[in-house]
Amino acid sequence: MTIRSEIIGCGSYLPERLVTNAELSKKVDTTDEWIFSRTGIRQRHIAADGELTSDLALKAANNALEHAGITAAEVDLLILATTTPDNTFPATATKVQSQLGMVNGAAFDIQAVCSGFVYGMAIANNFIKAGQSKTVVLIGAETFSRILDWEDRTTCVLFGDGAGAVVIRAGEGGPDSPPGETGHNVGRGILSTHIHSDGSTNDLLYVDGGPSSTQTVGHVRMVGREVFRHAVTNLAGIVDEALEANGLAAEDIDWLVPHQANKRILDGTARKLGLPVEKMVVTVDRHANTSAASIPLALDEAVRDGRIKRGDLVLMEAMGGGLTWGAAMVRW
Ligand code: ACO
């Protein structure tokens, strides 16, 4: 019997406080024009004082469970992708597990920065396919504002806070028809996941602190141009890899749900694919880069407003610190 991983619900949460580029330009030497023309960002949500990553994650997870029509009692694995955990330990996922009322199975955090959600998709899919988990809540949640250097205009304008989640459940019967035929009718669920990392590029995007190195939390540091260059190459590669693995062509994709780092990176990826920009879900203008939360936030928006429909072919892709990158191909 073939087991497949079906996404049966999604949810998200954004902190109430909105910070526009105009407001930021009162704090740092920048302008709305510079930020928008270089990144496509107009505003970002920022968590309130005392509002933690676990608070955002819990709201997104509850929202996703409600959308899926199930309770936390049915969940046997909770994965939280985050770079901004509440504490160094325990895993923030265990806090969310308890607040959610999940009593079975296990909860753990994963750390792949902006690629965290696609890494989580890979882990969830493999746990389900191995028969080890039946119902997984996968969350991407960040309070990235807490690790920004608010005096560094080259980074602080790029990021925001938020959370998104999906519920993934084991289904029976095969989407696993053999790859090879372009556009063949594969069933509903996660068709494939692909993850990569290259630690030799650690120094392009990192936080200059941590428990073992400085015993401080540290701030984001980035060589923006180099990250941009790697993003364009790595994302084109991962998209090709996902298409090839499924015997699909770019025109088969109904929706591209990319990690929302920068509108120029998004447009570059769509162009390379030959995909009309209307087939790409874009939230970076309103959310900025929310790291591991950006894909599930975008996904939730497009599912709830009716763009993504049952049966659509959805491709998610991301790149982040590490560098890490990955993709997930899903029949919705
Ligand atoms: N406001 C005004 N001026 C600024 C700002 C700002 N916020 N930030 C930098 N500048 C200035 C610089 O100081 C520089 O001035 P100079 O020419 O006098 O030295 C000038 O603008 C150009 O700076 P660059 O860094 O060369 O600008 P660039 O065109 O490369 O754009 C950016 C910078 C937007 C960061 C771009 O490199 C980028 O998007 N990189 C990708 C980074 C990314 O998305 N990271 C997110 C994490 S990874 C991921 O999620 C994929």
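Residues numbered from 1 in each chain as written. Predicted model: local features only at pLDDT ≥ 70, side-chain atom pairs only at ≥ 80, totals over all residues. Heavy atoms only, no water.

## Some points on the sheet that holds strand β4 (residues 77-81)
Selection criterion: Think of it this way: DSSP has to see at least two bridges between two strands before they count as a pair. In DSSP terms, a helix is any run of H or I states spanning at least four residues, a strand is any run of E spanning at least two, and both are numbered starting from the N terminus. Lines fitted to C-alpha atoms define the axes, with helix axes restricted to the stretch in contact, and inter-axis angles between N-to-C directions lie between 0 and 180 degrees. By definition, residues are in contact when any of their heavy atoms lie within 4.5 Å.
Across the sheet, which stays open at both edges, the five strands sit in the order β1-β7-β6-β4-β5 with mixed pairing between neighbours. Looking at the sheet topology across the chains shown, the edges are occupied by β1 (3-13) and β5 (106-110). Averaged over neighbouring strand pairs, the angle between their axes works out to 20° when direction is ignored. By the bridge criterion, five bridges tie β4 to strand β6 (residues 135-143) in an arrangement that is parallel. Across the sheet, isoleucine 79 pairs through a bridge with leucine 138, a residue of β6. Along the sheet face, helix α5 (residues 116-129) touches β1, β4, β5, β6 and β7 (161-172) and points at about 145° away from the line of β1.

## What to know about the sheet that holds strand β8 (residues 189-197)
Taken in spatial order, the four strands line up as β8-β13-β12-β11 in an open sheet, and their pairing is mixed. In the strand order of this sheet, the two ends are held by β8 and β11 (255-258), each with one partner. Neighbour to neighbour, the strand axes of the sheet diverge by 15° on average, direction disregarded. Here β11 runs beside strand β12 (residues 313-320); their pairing, made up of four bridges, is parallel. Paired with proline 258 across the two strands is glutamate 317, which belongs to β12. Relative to the sheet, α5 contacts β8, β12 and β13 (324-331), its axis offset from that of β8 by approximately 125°.

## A closer look at helix α7 (residues 224-245)
For the α-helix, the turn length of 3.6 residues means that residues three or four positions removed from each other point alike. Keep this limit in mind: For a helix, the expected span equals 1.5 Å multiplied by the number of residues minus one. When a residue's accessible area, from a 1.4 Å probe over protein chains only, is under 20% of the maximum for its type it is buried; when over 50% it is exposed; and in between it is partly exposed.
Here α7 contains 22 residues, and its C-alpha end-to-end distance of 31 Å stays within 8% of the 32 Å for a straight helix at 1.5 Å per residue. Among all positions in α7, only Val227, His230, Ala231, Asn234, Leu235, Ala236, Ile238, Val239, Ala242 and Leu243 are buried. Considering only its buried residues, α7 is in contact with β8, β9 (205-207), β10 (220-222), α8 (263-273), β12 and β13. At the C-terminal side of α7, glycine 247 shows a positive phi close to 60°.

## Section: helix α4 (residues 92-100)
Here is the rule we go by: The arc in question is the one spanned by the directions pointing from the helix axis to the C-beta atoms.
The set of residues buried in α4 consists of Thr92, Ala93, Val96, Gln97 and Leu100. With its buried residues spanning 145° around the axis, α4 presents them on a single face. In the core, the buried residues of α4 are packed alongside α3 (53-68), β4, β5 and β6.

## Digging into the environment of aspartate 305
For the record, the criterion: Within 3.5 Å is the distance limit for a polar contact, defined as a pair of N or O atoms, with the added protein rule that one can donate a hydrogen and the other accept it, and that residues adjacent in sequence qualify only through two side-chain atoms.
Among the structural elements, aspartate 305 can be located in the loop between α10 (294-304) and β12. A distance of 2.8 Å separates the side chain of aspartate 305 from the side chain of arginine 307, its partner in a polar contact.

## A look at the side chain of asparagine 234
The topology assignment puts asparagine 234 in helix α7. Overall, the relative accessible area of 13% leaves asparagine 234 in the buried class. Excluding anything up to four places from it in sequence, asparagine 234 contacts Met319, Leu323 and Trp325.

## Section: the site of the ligand
Rule in force here: When at least one non-hydrogen atom of a residue lies within 4 Å of a molecule or strand, that residue is treated as near it. Here the Shrake-Rupley method, with its probe set to 1.4 Å, supplies the accessible areas, and only the displayed protein chains count as covering residues. Residues were grouped as follows: Ala, Val, Leu, Ile, Met, Phe, Trp, Tyr, Cys and Pro as nonpolar; Asp, Glu, Lys and Arg as charged; and all remaining residues, including Gly, as polar. In this document the domain limits rely on a domain assignment from an automatic tool or a database.
Of all residues adjacent to the ligand, which total 22 residues, the nearest are Thr30, Arg153, Arg225, His259 and Asn262. One nitrogen or oxygen atom from the side chain of asparagine 262 is found 2.5 Å from an oxygen atom belonging to the ligand. For the ligand, whose free accessible area comes to 1000 Å², the fraction covered by protein is 75%. Residue assignment for the shell around the ligand shows that the elements contributing at least two residues are α2 (32-39), α6 (153-156) and α7. Broken down by element, the shell around the ligand gets its largest block of residues, four residues, from α7. By residue class, the composition of the shell around the ligand is ten nonpolar, seven polar and five charged. Counting only domains with at least three residues in the shell around the ligand, you end up with domain 1 (5-170) and domain 2 (189-331).

## What about the domain arrangement of the protein?
The criterion, for reference: What counts as buried area is the accessible surface, traced by a 1.4 Å probe, that two parts surrender upon association, with contributions from both included.
Its domain assignment divides the protein into domain 1 (5-170) and domain 2 (189-331). When each unit is reduced to the centre of its C-alpha atoms, the spacing between domain 1 and domain 2 is 14 Å. Between domain 1 and domain 2, the residue contacts involve 54 residues of the former and 48 residues of the latter. Together, the buried faces of domain 1 and domain 2 total about 3800 Å²; carbon and sulfur atoms form 65% of this surface. Among the residues of domain 1 in contact with domain 2, Cys114, Val118 and Tyr119 are the three that bury the most area, contributing 16% of the side total.

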